[in-house]
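# Structural overview
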Amino acid sequence: MLNVTDVTVTYQNAVRALRSVNISVPDSGVVAVLGSNGAGKTTLLRTVSGTLRHHGGRVGAGSVTLDGTPLVGRDPAAIVRLGLVHVPEGRRIFERLTVEENLRAGAAGVRDRAAWTRARARVQEMFGILTERAHQRAGLLSGGEQQMLAIGRALMSSPRVLVLDEPSLGLAPKVVGQIGEILREINRQGTTIVLVEQNAALALSIADTAYVLDLGRVSLSGPAAELAASDAVARLYLPAGDTDGTSGGTGERPVRTAAQGNEGGRRVDAEPSLGPWVPPRRPSGWPWQRGRSPRDGRSRGNGSGTKSLSDVRTRG
Ligand code: ATP
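Predicted, not measured: the structure shown is a model, and the values here were computed from it.

### Some remarks on the overall build of the chain
- Broken down by element type, the chain carries ten helices and ten strands.
- Taken over 316 residues, the chain has a buried fraction of 47%.
- Expressed as a percentage of contacts within the chain between residues at least 6 apart in sequence, the contacts between residues at least 24 apart total 73%.

### Some remarks on unusual backbone geometry
- At asparagine 13, a residue that is not glycine, the phi angle is positive and equals roughly 55°.
- Positioned with a positive phi, leucine 215 is a non-glycine residue whose angle comes to about 50°.
- Judged by the 14 C-beta atoms lying within 10 Å of it, leucine 215 falls in the partly exposed class.

### Notes on the site of the ligand
- Taken together, 15 residues form the shell around the ligand, and within it Tyr11, Ala17, Asn37, Thr42 and Thr43 come nearest.
- Examining the composition of the shell around the ligand, we find that three residues originate from one element, helix α1 (residues 41-49), more than from any other.
- Among the residues making up the shell around the ligand, the classes are represented as four nonpolar, ten polar and one charged.

### Some details on the sheet that holds strand β3 (residues 30-35)
- As summarised here, the arrangement of the six strands in space is β6-β7-β8-β3-β9-β10, forming an open sheet in which the pairing is mixed. With one partner strand each, in any of the chains shown, β6 (84-87) and β10 (217-223) form the two edges of the open sheet. Going from strand to strand, the sheet's axes swing by 15° on average, the running direction of each strand aside.
- In this structure, strand β9 (residues 209-214) lies alongside β10, joined through six bridges in antiparallel fashion. In the strand pairing of β10, aspartate 214 is matched with arginine 217.

### Brief notes about the packing of helix α3 (residues 99-106) against helix α6 (residues 143-155)
- Closest axis-to-axis distance for the α3/α6 pair is 7 Å, and the angle between their directions is 40°. Where α3 crosses over α6, the handedness of that crossing is right-handed. Within the contact between the two elements, α3 uses Val99, Asn102, Leu103, Ala105 and Gly106 and α6 uses Leu149, Gly152, Arg153 and Ala154.
- The residue makeup of the contact of α3 with α6, split by class, is five nonpolar, three polar and one charged.

### Details of α6
- Under the 1.5 Å per step criterion, the end-to-end length of α6 is 18 Å for 13 residues, consistent within 8% with the ideal 18 Å.
- Taking burial as the measure, the 13 residues of α6 include 13 buried ones, the bulk of the element.

### Digging into the environment of histidine 55
- Along the chain, histidine 55 turns up in the loop between α1 and β4 (57-66).
- The class for histidine 55 is partly exposed, based on 13 C-beta atoms found within 10 Å.

### Some thoughts on the sheet that holds strand β5 (residues 69-70)
- If you trace the four strands from one edge of the open sheet to the other, you get β2-β1-β4-β5, paired in antiparallel fashion. Both edges of this open sheet fall to β2 (15-25) and β5, since each of them pairs with a single strand only.
- Strand direction decides the pairing type here: strand β1 (residues 2-11) and β2, joined by seven bridges, are antiparallel. Paired with valine 4 across the strands is isoleucine 23, a residue of β2.

### A few points about helix α7 (residues 173-188)
- Here α7 spans 23 Å end to end across 16 residues, near enough to the 22 Å set by a 1.5 Å rise per residue.
- If you check which residues of α7 are buried, you get Pro173, Val175, Val176, Gly177, Gln178, Ile179, Gly180, Ile182, Leu183, Ile186 and Asn187.
- Positive phi appears at glycine 190, one or two residues downstream of α7, with a value of about 110°.

### Describing the nonpolar core
- Counting 80 residues, the largest nonpolar core has Ala32, Leu195, Ala203, Leu204, Ala207 and Ala210 as the members making the most contacts within it.
- Excluding anything up to four places from it in sequence, alanine 210 contacts Ala32, Leu34, Ala203, Leu204, Ser221, Gly222, Ala224 and Leu227.

The rules we used
- Residue positions are counted from 1 within each chain, in the order its sequence is given.
- Note on the predicted model: pLDDT of at least 70 is required for a residue's local features to be given, and 80 or more for side-chain atom pairs to be given and counted; whole-chain, interface and lining totals, by contrast, use all residues.
- Counting from the N terminus, the helices are the DSSP runs of H or I reaching at least four residues and the strands are the DSSP runs of E reaching at least two.
- Counting other C-beta atoms within 10 Å of a residue's C-beta gives its exposure: the residue is buried at 20 or more, exposed at 12 or fewer, and partly exposed in between, where C-beta atoms are placed from the backbone.
- C-beta atoms are first placed from the backbone for all residues, and any pair lying within 7 Å is then listed as a contact.
- Any residue whose C-beta atom, as set from the backbone, lies within 6 Å of a molecule or strand is reported as near that molecule or strand.
- Residue polarity follows a fixed list, in which Ala, Val, Leu, Ile, Met, Phe, Trp, Tyr, Cys and Pro are nonpolar, Asp, Glu, Lys and Arg are charged, and the others, Gly among them, are polar.
- Strand pairing follows a simple DSSP-based rule, namely that at least 2 bridges must link the two strands.
- Each axis is a line fitted through C-alpha atoms, and for a helix only the stretch in contact is used; angles between axes span 0 to 180 degrees, taken between their N-to-C directions.
- What makes a crossing left-handed is the near helix being turned counterclockwise from the far one by less than a right angle; a clockwise turn instead makes it right-handed.
- Each helix should span, by expectation, one fewer than its residue count multiplied by 1.5 Å.
- Linking buried Ala, Val, Leu, Ile, Met, Phe, Trp, Tyr and Cys residues through C-beta atoms within 7 Å yields a set, and such a set is a nonpolar core.

Geometry only, nothing functional implied.
Now the structure itself:
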């Protein structure tokens, strides 16, 4: 289990980006973190992945633990070895390297040859397109394909916890839907997911539990289904009629939606889709399938014991 407890973060000893934030991520769960621009979502992921200091940030108080092991103060490579991998906003693939070289870079810390082979097979099965383009320069891939490469690269170290920062950003609606399906499949295979999104509809359609950050504080938390149905979240974060984040928004919301495009000066991909994405067969006994599928026999929404929205926590 990943626990963020009473965490406060500042940048350059001046900007307070997180204020006493508490978040619990149960094993094999999907937790969504929503919020407007500047709410602290990216900072939260930097904090858990150990990359905060590279951005001039510092944890001033609180703790982050993964299965009881403290993460604050560890370097990002050590945190990857503990099983937590961060897919940052904007994909950050190595554009001049080939697709294959990018995937190998994702497994740079993997010493166990058998584990490497299993991870490679998993990525190959999940993202056929990356195999087809293995020897192409990564910078030539479409935006959606680059996002798949970023996720595939992260899977190369067989993470137990995958944290993703706005994987839908700048992608066409159909591609956003495919990314959502891929994340569901990764979770079905046993990987815990923390998903930061401004596309609230997408995130809430995937997550069990959701947190809303507002100016560095958790302002709402609860089962994702209850948050999706709540007036407060719908009014602020969900475009009318968009239940899975793929139909596009009105453009009047304070958060980005999949089809609004050109956010942050980034192009929305013109690609209509990446071709059919077929969920891979799931042979039993693969090492990343720890125990039974987390979705099997589990009702959506309240897997973590988070209080219902009617009992919503507002932490000050
Ligand atoms: P967005 O959706 O716009 O990316 P966010 O919710 O991810 O927003 P953060 O990027 O975590 O928010 O930013 C939280 C606060 O910290 C903001 O006030 C932001 O300006 C500030 N901040 C983020 N990164 C830095 C940095 N490297 N140096 C100084 N301040 C920063």
